[in-house]
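Survey of secondary and tertiary structure
Below are the chains, spelled out letter by letter.
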Amino acid sequence: MEACAENELPLVVLDRPNPLGYYVDGPVLDTAYHSFIGMHPVPIVHGMTIGEYARMINGEGWLKGSIQCKLEVVPVKNYTHHNFYRLPVAPSPNLPDMKSVYLYPSVCLFEGTEVSEGRGTHQPFQQFGTPAYTPKIHSFVPKPIPGMSSDPKFKGQVCYGYNLTEKPMEELQNIRRINLQYLLEFYRKSQDQHNFFQKSFDLLAGSDQLRKQIIAGKTEDEIRADWQPGLEAFKAVRKKYLLYTDE
């Protein structure tokens, strides 16, 4: 978009459905934590198509120097934000199926912790754990998998934790919110809380607030309540750029 704006060229976006376009949730990114992981003040789950998101970026002046590009979005026929759209092609080797996609918003934050998020297995983001976790009910061993993960966390070690691979698709679709209970539990049970969070966690969460709230012992309800003002403000902005029914 910036390159098109700088060179006065039009940009045409052939829109596509968002498989997580049916809800909005999570902390809104603080622009002080701008990175390639998160560039704009949106929540972890923004519930927009790429075309709608492009319209927001343009309209809110988020391009460098607040420039705007000449944008045309070709909308998707017969799509609404109520659709449970199933991707015909895996968006990433580590998001191999729709269960991983549905669980990703809740499990992705483990990437910034001492917990394995299942990379190095064929069910990433559907299972997660550490060698020290108890009870030792479900186990998995992260290993290098060509095209998926060359050096996974806890490579070759037995990890214990949760296995969500058997959860029905309908149950995953009906969650419609980020589940923080897994993260809170693993922090609480960690034998090395001082090193539980890695530097990337704040970038994944969009600020340092979630990390500080977990360390302070806040409950999920208390944390979620803190998200609400930012989410409501974001939803008001989001509404201006929607191309598909959301109510």
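Structure's up top.
Note that the coordinates shown come from a computational prediction; the quantities given were computed from them, not determined experimentally. (Residues numbered from 1 in each chain as written. Predicted model: local features only at pLDDT ≥ 70, side-chain atom pairs only at ≥ 80, totals over all residues. Heavy atoms only, no water.)

**Things to note about helix 8 (residues 220-239)**
Between the first and last C-alpha of helix 8 there are 27 Å, a value that for 20 residues agrees with the 28 Å anticipated at 1.5 Å per step. Approximately 35° is the largest bend angle found in helix 8, and it occurs at Q228, with the proline P229 only one to four residues beyond. Within helix 8 the residues assigned to the buried category are E220, I223, R224, W227, L231, F234 and R238. Where helix 8 is buried, its residues contact strand 2 (25-28), strand 3 (43-45), helix 2 (50-59), helix 5 (181-189) and helix 7 (209-215). (Helix = DSSP H or I, 4+ residues; strand = E, 2+ residues; numbered from the N terminus. Expected span 1.5 Å × (residues − 1). Bend = angle between axes of the 7 residues up to and from the residue. Buried < 20%, exposed > 50% of the residue type's maximum accessible area, 1.4 Å probe, protein only. Contact = heavy atoms within 4.5 Å.)

**Section: empty space enclosed by the protein**
In total, this model carries 1 cavity of 30 Å³ or more according to the counting rule given. If you add up the space inside the largest cavity, you get close to 70 Å³. Lining the largest cavity, in full, are E114, V115, T130, A132, Y133, F186, K189, S190, Q191 and F196. Within the lining of the largest cavity, the residues separate by chemical class into 5 nonpolar, 3 polar and 2 charged. (1 Å grid on protein atoms, 1.4 Å probe; cavity = no way out; pocket = protein on both sides within 12 Å on 5 of 7 lines; lining within 4 Å. Points joined across faces, edges and corners; volume = space filled by probe spheres on them. Nonpolar A, V, L, I, M, F, W, Y, C, P; charged D, E, K, R; others polar.)

**A closer look at the nonpolar core**
Judged by nonpolar contacts, the single largest core of 46 residues is most densely connected at L109, L183 and I214. For this core, the elements supplying multiple residues, two or more each, are helix 2, helix 3 (98-107), helix 4 (169-173), helix 5, helix 6 (200-205), helix 7 and helix 8. Among residues more than four places away in sequence, those in contact with L109 are I44, L180, L183, F201, L204, A205 and L210. (Core = buried A, V, L, I, M, F, W, Y, C linked by side-chain atoms within 4.5 Å.)

**Details of the environment of V42**
As for its placement among the helices and strands, V42 is situated in the loop between strand 2 and strand 3. As for V42 and K64, which are separated by 22 residues in sequence, their C-alpha atoms are 17 Å apart.

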